[in-house]
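# Structural characterization, general
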Amino acid sequence: MSIGKALIVKPRPCPFCGGVPLELRCITFRHWNINCLNTDCLCKGPDGKNPDQAVVKWNSLTEGCIKQRQYEKQLAKDFQDPAIPKKIWKAARSLKTFTMKEITRISKCHQETVNKYLSLLDKNEFLRIESQNSSNSKQKSTYRCIKPRTVKAPSWIGLQLSTREYQEYREEKKSMKWTKIQAVTK
């Protein structure tokens with residue numbers, strides 16, 4: 001089907017490769033999408049209920065959206081892994097003063113995850129910024145851990161909730177475990 005005819009919205013070039021040869025396809029009854037015809041790319045856009053909706057969704061894709069999706073998937077995995085905060089905390093405690101790049105290298109964690117965790121630590125006063133370059137970049141800031149060595153690695157949830165909310169969360173979590181144990185033993 002010719003992509004230019006009968007459409008209210010005109011599609012932009014492919015956000016992945018910049019290619020202009022595009023094809024509008026009907027994949028199932030009432031589902032449409034746009035495909036890039038560049039032989040190196042051949043990507044498929046999101047589905048729409050009609051051709052115009054498929055074009056609008058295609059146009060909403062931005063350059064680098066694949067990398068953004070990969071970052072989001074990696075962050076979701078890291079938030080679910082309880083070992084990640086421990087790795088970052090251990091690296092921060094061993095270095096005493098550090099930059100985000102150093103923690104990323106030592107902990108072998110994803111850069112976005114380290115950045116998020118350090119910003120939460122800074123917000124909750126576990127860290128202090130020792131020096132900051134003239135640019136406003138957090139990567140070049142030098143941090144110092146100000147909590148004693150006996151403090152355990154704060155969890156993602158513990159850093160994002162207030163002290164009172166975190167205590168309530170812990171109590172609810174304990175009561176949920178108790179009811180599970182009772183249900184199994186009965």
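Presented here is an overview of the structure given in this document.

Definitions and cut-offs
- Residues numbered from 1 in each chain as written.
- Predicted model: local features only at pLDDT ≥ 70, side-chain atom pairs only at ≥ 80, totals over all residues.
- Heavy atoms only, no water.
- Helix = DSSP H or I, 4+ residues; strand = E, 2+ residues; numbered from the N terminus.
- Buried < 20%, exposed > 50% of the residue type's maximum accessible area, 1.4 Å probe, protein only.
- Contact = heavy atoms within 4.5 Å.
- Areas by Shrake-Rupley, 256 points an atom, 1.4 Å probe, with all protein chains shown as cover.
- Phe/Tyr/Trp six-rings, centres within 6.5 Å; stacked < 30°, edge-to-face > 60°.
- Lys NZ or Arg CZ within 6 Å of the ring centre and 35° of its normal.
- Axes fitted to C-alpha atoms, helices over the stretch in contact; angles between N-to-C directions.
- Parallel < 35°, antiparallel > 145°, perpendicular 65-115°, else oblique.
- Left-handed = near helix turned anticlockwise from the far one by under 90°.
- Pairing = 2+ DSSP bridges.
- Salt bridge = Lys/Arg side-chain N within 4 Å of Asp/Glu carboxyl O.

### Re the overall build of the protein chain
Looking only at helices and strands, the protein chain has 7 helices and 5 strands in total. Tracing the protein chain from N to C terminus, the helices and strands come up as β-β-α-α-α-β-α-α-β-β-α-α. Residue burial in the protein chain is summarised as follows: out of 186 residues, 28% are buried. Taking the contacts inside the protein chain whose residues are at least 6 apart along the sequence as the reference set, 46% of them involve residues at least 24 apart. Surface exposure of the protein chain reaches about 12,900 Å², of which carbon and sulfur atoms provide 53%.

### Focus: the packing of aromatic side chains
Under the criterion given, the structure shown has 2 aromatic pairs. Judged by centre distance (5.8 Å) and plane angle (85°), the rings of tryptophan 89 and phenylalanine 126 are edge-to-face. Of this pair, tryptophan 89 sits in helix H3 (residues 83–95) while phenylalanine 126 sits in the loop between helix H5 (111–123) and strand E4 (127–131), and the two are 37 residues apart along the sequence. Residue phenylalanine 126 is classed as buried on the basis of its relative accessible area of 15%. Above the plane of the ring of phenylalanine 126 lies lysine 147, whose end atom (NZ or CZ) is 5.2 Å from the centre.

### Some points on the packing of H3 against helix H4 (residues 100–107)
The N-to-C vectors of H3 and H4 enclose an angle of 120°; their axes lie 9 Å apart at closest approach. It follows that H3 is oblique to H4 by the angle criterion. Where H3 crosses over H4, the handedness of that crossing is right-handed. For the pair H3 and H4, the contacting residues are Lys87, Ile88, Ala91, Ala92 and Leu95 in the first and Glu102, Ile103, Ile106 and Ser107 in the second.

### Observations concerning the pairing of strand E1 (residues 22–28)
Both E1 and strand E2 (residues 31–36) contribute to a ladder of 6 bridges, which runs antiparallel. Opposite leucine 22, over in E2, you have cysteine 36 as the bridge partner. Once E1 ends, the chain turns through 2 residues before running back antiparallel as E2, passing arginine 30 with a positive phi of about 70°.

### Looking at the pattern of salt bridges
Going through the model one piece at a time under the given rule, you end up with 1 salt bridge. One salt bridge connects arginine 25 with glutamate 23, and the closest N-O pair in it is separated by 2.6 Å. When its relative accessible area of 37% is taken as the criterion, arginine 25 is described as partly exposed. A relative accessible area of 25% places glutamate 23 in the partly exposed class.

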